[in-house]
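# Breakdown of the fold
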Amino acid sequence: MVFSSIGFLYVFLPAVLFVYYIAPRRCRNSILLVFSLAFYYIGEQKLVIIMLFSALTDYCCSIFIERFRNRKAITRIFLCLSLIVNLSLLGYFKYADLFISSFNGVFGTALPLLKIALPIGISFYTFQTMSYTIDVYRGDIKAEKNFISFTTYVTLFPQLIAGPIVRYETIACELHDRKTTLDGFASGIRRFCVGLGKKVLIANTLAGLSQMYDKANTHTVLFAWVCAIAVPLQIYFDFSGYSDMAIGLGRMFGFNFPENFNYPFVSRSATEFWRRWHITLGTWFKDYVYIPMGGNRVNPTRHIFNLLVVWFATGLWHGAAYNFILWGLYYGVLLTAEKFLYIKHLEKSELFSHIYFILITVTGFEIFSANSLADIAKRFGELVGIGAAGFTNTESSYYSLSYLTVLIIAVVLSVPLLKNLMNKFEKHRYFNATYKYSAYAACIGLLIISTAYLIDGSYNPFLYFRF
């Protein structure tokens, strides 16, 4: 089940909100747990066992780490046990076939692929549970002794399948004592509607253009460039829209999840981009991989090695395919080059840095969205006319013009122009009341129009489900 579906919007969400708010406060974690398990079971059936096994493992390991706090060797055993179990589950379900196909390619064998179904959200909840046990081991947080509270944290449906990656310490207090206010609930609804509109009205529409590109036998240079610009916007509105919906749902239930995006396309370098894009994932790798390896407090050679390891892992986290590994290393090389060679020069020219950022972003997302390594070369060739069917033709001109309006809207909404304008209205003493009612009207409008699109359309995928 996805948030942008009729079943979730008009059956599941009203049901869980109704039961949650009529129940006594002491029962609310249990209610969230039951509905979260139901939410996951509807889409994954028996694979819910994998998630519960992961949660049980980290619950027990953290309890034992807490119990044997003064005996370092024993705490290390339980930390290692947690890491081995979590990484083994992730490795088996997500990367087994990549390993087998690579082995076959190198040694010429013909081992059959396992073709295992990937549990949705396994990359997200695995990182959350590992960070919890590591934080307990470090002594940053106390182990959660209430199994229902801990399992509620792991399975919490608003952030279960696509983040943001919420650390236990972020919501530890709210798991035990959270306040739900009318203003907070209204804020959650507004944020959810904005995310729904971003996902359904923009991302899904741009996905139609990508489908046309994938189905076409030949591409012109114009069509290749239009799609190269549309893909980063589609992925941004798809993923940030889902993050908005998750944050909004969290507020409805009294949780405050961390922000995951901060207008990444206003960046002027790859370094700045990754401070604004998928913030919770970048912070996770920084705190649990980069810093423990020594971060930048080592010699330059080791520093470069640390950066490349982190970005190799970041690419691999996104998918079990070589284009994702290449994509991660591409950003690793860029960030390394910026840090050691030219970031200061970029900062001197705003125009040049924006042109540089656009080119590296188009290149990066061409790698990210390719179906194979061969497809990457094909896509880059078409951008410069190699293998393309001329500069344009009737078909590509038609599609380019058809999607021009939504592309312009997407570009405008991907920068904080509208947000800054709304903030000024909100703070203005004459327009404050008007802004408040206009915001509610806009959210209702987004919900109605998005519902109409969902009823009329059949294409409603979510790109980050596969991660």
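Within the protein chain one finds 20 helices and zero strands. A globule of 467 residues ought to have a C-alpha radius of gyration of about 23 Å, and the protein chain, at 23 Å, matches this closely. For the protein chain, the share of sequence-separated contacts (at least 6 apart) that also reach a separation of at least 24 residues comes to 75%. When the accessible surface of the protein chain is totalled, it reaches about 22200 Å², and 67% of it is carbon and sulfur. Here the protein chain contributes 40 positively and 26 negatively charged side chains, and the mean placements of these two sets differ by 7 Å.

In terms of nonpolar packing, the biggest core is built from 123 residues, with Phe3, Phe8, Phe127, Phe157, Phe253, Trp277 and Tyr331 touching the most fellow members. No other element matches the 16 residues that helix α10 (residues 221-252) contributes to this core. Apart from the residues within four sequence positions on either side, Phe8 is in contact with Met1, Val2, Phe3, Leu13, Pro14, Phe39, Phe157, Phe192 and Leu249.

Our focus in this paragraph is the environment of Gly208. Looking at where Gly208 falls in the secondary structure, it is placed in helix α9 (residues 182-215). Taking the C-alpha atoms as reference, Gly208 lies 9.9 Å from Gln234; in sequence the two are 26 residues apart.

To continue, consider the packing of helix α3 (residues 48-67) against helix α4 (residues 72-107). The geometry of α3 relative to α4 is characterised by a closest axis approach of 8 Å and an angle of 165° between their N-to-C directions. Classified by the interaxial angle, the pair formed by α3 and α4 is roughly antiparallel. The two elements α3 and α4 cross, and the hand of that crossing is left-handed. Between α3 and α4, the residues in contact are Ile50, Phe53, Ser54, Thr57, Asp58, Cys61, Phe64 and Ile65 and Thr75, Phe78, Leu79, Leu81, Ser82, Val85, Asn86, Leu89 and Phe93, respectively. For the contact of α3 with α4, a count of residues per class yields 11 nonpolar, five polar and one charged.

This paragraph deals with the side chain of Ser269. Assignment of secondary structure puts Ser269 in the loop between α10 and α11 (270-276). Residue classification places Ser269 among the buried residues on the basis of a relative accessible area of 5%. Ignoring sequence-local partners within four residues, the contact set of Ser269 consists of Glu338, Ile343, Leu346, Tyr356, Phe357 and Ile360.

For the coordinates displayed, the defined rule picks out zero disulfides. Cysteine Cys443 shares no disulfide, and the gap to the nearest cysteine sulfur, in Cys193, comes to 4.9 Å. Here Cys443 falls in the buried class, since its relative accessible area comes to 8%.

Residues Leu401, Leu404, Ile408, Ile409, Val412, Leu413, Leu417, Leu418, Leu421, Met422 and Phe425 make up a contiguous nonpolar surface patch of roughly 960 Å² in combined accessible area. Elements that contribute at least two residues to the nonpolar patch include exactly α18 (404-413) and α19 (417-427).

This next bit is on the pattern of salt bridges. What the rule picks out here adds up to 13 salt bridges. Note that Arg191 and Glu259 form a salt bridge whose closest N and O atoms lie 2.7 Å from each other. Of this pair, Arg191 sits in helix α9 while Glu259 is found in the loop between α10 and α11, placing the two residues 68 residues apart along the sequence. Note on Arg191: relative accessible area 17%, which makes it buried. Residue Glu259 is classed as partly exposed on the basis of its relative accessible area, which comes to 35%. Overlapping salt bridges bring together Arg191, Lys198, Asp244 and Glu259 as one network.

For Gly381, the position within the fold is in helix α16 (residues 373-383). For the pair Gly381 and Val221, spaced 160 residues apart in sequence, the C-alpha to C-alpha distance is 9.2 Å.

A separate point is the packing of aromatic side chains. The relation between two aromatic rings is expressed through the spacing of the ring centres and the mutual angle of the planes. Enumeration over the complete set of coordinates arrives at 60 aromatic pairs. Between Phe157 and Phe253, the ring centres sit 5.8 Å apart and the planes meet at 80°, which makes this aromatic pair edge-to-face. Here Phe157, found in helix α7 (residues 157-160), pairs with Phe253, found in the loop between α10 and α11; they are 96 residues apart in sequence, far enough to count as distant. Of the two residues, Phe157 and Phe253, both sit in the buried class. Ring geometry for Trp327 against Phe368: centres 4.7 Å apart, planes inclined by 65°, an arrangement best described as edge-to-face. Of this pair, Trp327 sits in helix α14 (residues 322-346) while Phe368 sits in helix α15 (residues 350-369), placing them 41 residues apart in sequence. In terms of burial, Trp327 and Phe368 fall into one category: buried.

Parameters at a glance
Residues numbered from 1 in each chain as written. Predicted model: local features only at pLDDT ≥ 70, side-chain atom pairs only at ≥ 80, totals over all residues. Heavy atoms only, no water. Helix = DSSP H or I, 4+ residues; strand = E, 2+ residues; numbered from the N terminus. Rg over C-alpha atoms; globule rule 2.2 N^0.38 Å. Contact = heavy atoms within 4.5 Å. Areas by Shrake-Rupley, 256 points an atom, 1.4 Å probe, with all protein chains shown as cover. Lys, Arg positive; Asp, Glu negative; His and termini not counted. Charge placed at Lys NZ, Arg CZ, Asp CG, Glu CD. Core = buried A, V, L, I, M, F, W, Y, C linked by side-chain atoms within 4.5 Å. Buried < 20%, exposed > 50% of the residue type's maximum accessible area, 1.4 Å probe, protein only. Axes fitted to C-alpha atoms, helices over the stretch in contact; angles between N-to-C directions. Parallel < 35°, antiparallel > 145°, perpendicular 65-115°, else oblique. Left-handed = near helix turned anticlockwise from the far one by under 90°. Nonpolar A, V, L, I, M, F, W, Y, C, P; charged D, E, K, R; others polar. Disulfide = S-S within 2.5 Å. Patch = residues over 30% accessible without salt bridge, like charges linked within 9 Å, V, L, I, M, F, W, Y side chains within 5 Å. Salt bridge = Lys/Arg side-chain N within 4 Å of Asp/Glu carboxyl O. Phe/Tyr/Trp six-rings, centres within 6.5 Å; stacked < 30°, edge-to-face > 60°.

Nothing here speaks to function; it is geometry throughout.
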